Amino acid sequence: MKRDLISIKDLTPEELEEIFKLTDKLKKYPDRFNKELVGKTLALIFQKPSNRTRVSFEVGMYQLGGYSVYLGPGEINLGVRESIKDVAKTLSRYINGIVLRTFEHKNILEMSQSATVPVINGLSDFSHPCQALADIYTIREKLKNIKGKTLAYIGDGNNVCNSLLYAAAKTGMNMNVATPKGFEPVDSVMKETSKIAKFSHDPHQAVEGADIIYTDVWASMGQEQEANDRNKIFADFQINQDLVKSAKKGVLIMHCLPAHRGLEITDEVIDSKNSIVFDQAENRMHVQKAILIKLLGAKK
Ligand code: CP
Ligand code: NVA
């Protein structure tokens, strides 16, 4: 039976560890894997812009000996020119896997139900599992033992925050989430992760004792028209030197990127020596190569 990657919630802690162990090997010995997906093709259906996700999947697929087809917003016109169901059924006749970046999460579920090939969530309004996997992998590289470590997420309780909460819960990490009122993660995720997470509206309290400070844009893709209002609402949630001072010395700084410098994070902090944002970006590719091998590769 095919397997998808739709949410980190669907993975066991053992499966996460397997992905990370394979990623270690892929990062250390890339040449050993350059025939792993020969003859395999991946479709990238993107309804939103992308730098990291698109490039890391395309390059990753190439490095594994496979091929990818990019289908941007104007191409398939998902759900308008053709139903998701028909796109899924057609593509399943040509290709071996689908990455979908979309708005509503239910589009990914629908694609998964109708496709006979694996479907990978390349970001929806609800979650961004590939990002969170790469993030936890990066934290693991830097801190070695991540069990009991605390990640302070400051800003919008969005797709990235939801996936980080699930990933933290599966890997024994704790999270302090500080958002403005009304911008908390969705209720179901808060409930499901309440054992490992504290939710508040106080960024200074949230970063106290944390090992990592993480932030993301205040207005996600599709919320551009709310940006001006959000910039005012979120002003006290900026990651700046003053906030970093409330955390312990050496606290790691993370951001999934793209960053709006001067809004959710200052230049000084994102460019500081404790910032690991480009390690996160690099690790997207290594981790996704492991995911592609697990989902599209020959069963061993
Ligand atoms: N972090 C991330 O997914 O970046 P892109 O939107 O550029 O793909
Ligand atoms: N929360 C952001 C993440 C971008 C990678 C968005 O959805 O636009």
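Given the structure is predicted, the values throughout are model-derived calculations rather than measurements.

A. Spotlight on the nonpolar core. Of all hydrophobic cores here, the largest spans 54 residues; its most connected members are Ile-120, Leu-133, Met-175, Ile-291 and Leu-292. For this core, the domains that each give at least three residues are domain 1 (8–128 + 283–296) and domain 2 (131–280). Judged by nonpolar contacts, the second largest core, of 20 residues, contains Ala-152, Ile-213, Phe-237 and Leu-257.

B. Representation of the side chain of Asn-162 within the structure. Within the secondary structure, Asn-162 sits in helix 7 (residues 159–171). Of the polar contacts made by the side chain of Asn-162, one reaches the backbone oxygen of Phe-126; its length is 2.9 Å. Leaving out residues up to four positions away in the same chain, Asn-162 has contacts with Phe-126, Gly-157, Pro-185, Val-186 and Val-189.

C. Molecular detail of the sheet that holds strand 3 (residues 97–101). In spatial order, the strands read 2-1-3-4; together these four strands make up an open sheet with parallel pairing. In the strand order of this sheet, the two ends are held by strand 2 (67–71) and strand 4 (119–121), each with one partner. When strand polarity is set aside, the average angle formed by the axes of neighbouring strands in this sheet is 20 degrees. Judged from the five bridges that link them, strand 1 (residues 41–46) and strand 2 form a sheet pairing that is parallel. Counted as the bridge partner of Leu-42 is Ser-68 from strand 2. Packed on one face of the sheet, helix 5 (residues 105–114) meets strand 1, strand 3 and strand 4 and runs near 165 degrees to strand 4. The sheet contacts of helix 13 (residues 277–296) involve strand 1, strand 3 and strand 4, and relative to strand 4 the element is tilted by about 155 degrees.

D. Examining the packing of aromatic side chains more closely. Considering all chains together, one arrives at six aromatic pairs under this definition. An aromatic cluster is built from Phe-183, Trp-218, Phe-234 and Phe-237, whose rings are joined through pairwise contacts. If you follow Lys-48 out to its NZ or CZ, it ends over the ring of Phe-103, 4.6 Å from the centre. Sitting over the face of the ring of Tyr-70, Arg-54 holds its NZ or CZ atom 3.5 Å from the ring centroid.

E. A look at the pairing of strand 6 (residues 174–178). Counting buried positions along strand 6 yields four of five residues, so the element is predominantly enclosed. Where strand 5 (residues 150–154) meets strand 6, five bridges bridge the pair, whose relative direction is parallel. Bridge pairing in strand 6 places Leu-151 opposite Met-175. Across four bridges, the pairing between strand 6 and strand 7 (residues 197–200) is parallel. If you follow Asn-176 over to strand 7, its bridge partner there is Lys-198. Read as a crossover between parallel neighbours, the route from strand 6 over helix 8 (residues 187–192) to strand 7 is right-handed.

F. The arrangement of helix 2 (residues 52–63) in detail. Here helix 2 contains twelve residues, and its C-alpha end-to-end distance of 16 Å stays within 8% of the 16 Å for a straight helix at 1.5 Å per residue. Along helix 2, the positions that sit buried rather than exposed are Arg-52, Thr-53, Ser-56, Phe-57, Gly-60 and Met-61. Viewed along the axis of helix 2, the buried residues span an arc of 140 degrees, placing them on a single side of the element. Contacts from the buried residues of helix 2 go to strand 1, strand 2, strand 3, strand 4, helix 6 (129–143) and helix 13.

G. Looking closely at the site of ligand 2. Taken together, Leu-123, Asn-158, Asn-159, Val-160, Asp-216, Val-217, Ser-220, Met-221 and Leu-257 form the complete shell of residues around ligand 2. Separating an oxygen atom of ligand 2 from a side-chain N or O atom of Asn-159 is a distance of 2.8 Å. For ligand 2, a nitrogen atom lies 2.7 Å from a polar atom in the side chain of Ser-220. Calculation on ligand 2 without its partners gives an accessible area of 270 Å², and the protein chains cover 95% of this total. Here the shell around ligand 2 is built from residues that sort into five nonpolar, three polar and one charged.

What counts and how
Residues numbered from 1 in each chain as written. Chains lettered and ligands numbered in written order. Predicted model: local features only at pLDDT ≥ 70, side-chain atom pairs only at ≥ 80, totals over all residues. Heavy atoms only, no water. Core = buried A, V, L, I, M, F, W, Y, C linked by side-chain atoms within 4.5 Å. Buried < 20%, exposed > 50% of the residue type's maximum accessible area, 1.4 Å probe, protein only. Domains from an automatic or database assignment. Helix = DSSP H or I, 4+ residues; strand = E, 2+ residues; numbered from the N terminus. Polar contact = N/O pair within 3.5 Å; in protein donor to acceptor, adjacent residues only side chain to side chain. Contact = heavy atoms within 4.5 Å. Pairing = 2+ DSSP bridges. Axes fitted to C-alpha atoms, helices over the stretch in contact; angles between N-to-C directions. Phe/Tyr/Trp six-rings, centres within 6.5 Å; stacked < 30°, edge-to-face > 60°. Lys NZ or Arg CZ within 6 Å of the ring centre and 35° of its normal. Right-handed = clockwise from strand over helix to strand, strands pointing away. Expected span 1.5 Å × (residues − 1). Arc of directions from axis to C-beta. Near = heavy atom within 4 Å. Areas by Shrake-Rupley, 256 points an atom, 1.4 Å probe, with all protein chains shown as cover. Nonpolar A, V, L, I, M, F, W, Y, C, P; charged D, E, K, R; others polar.

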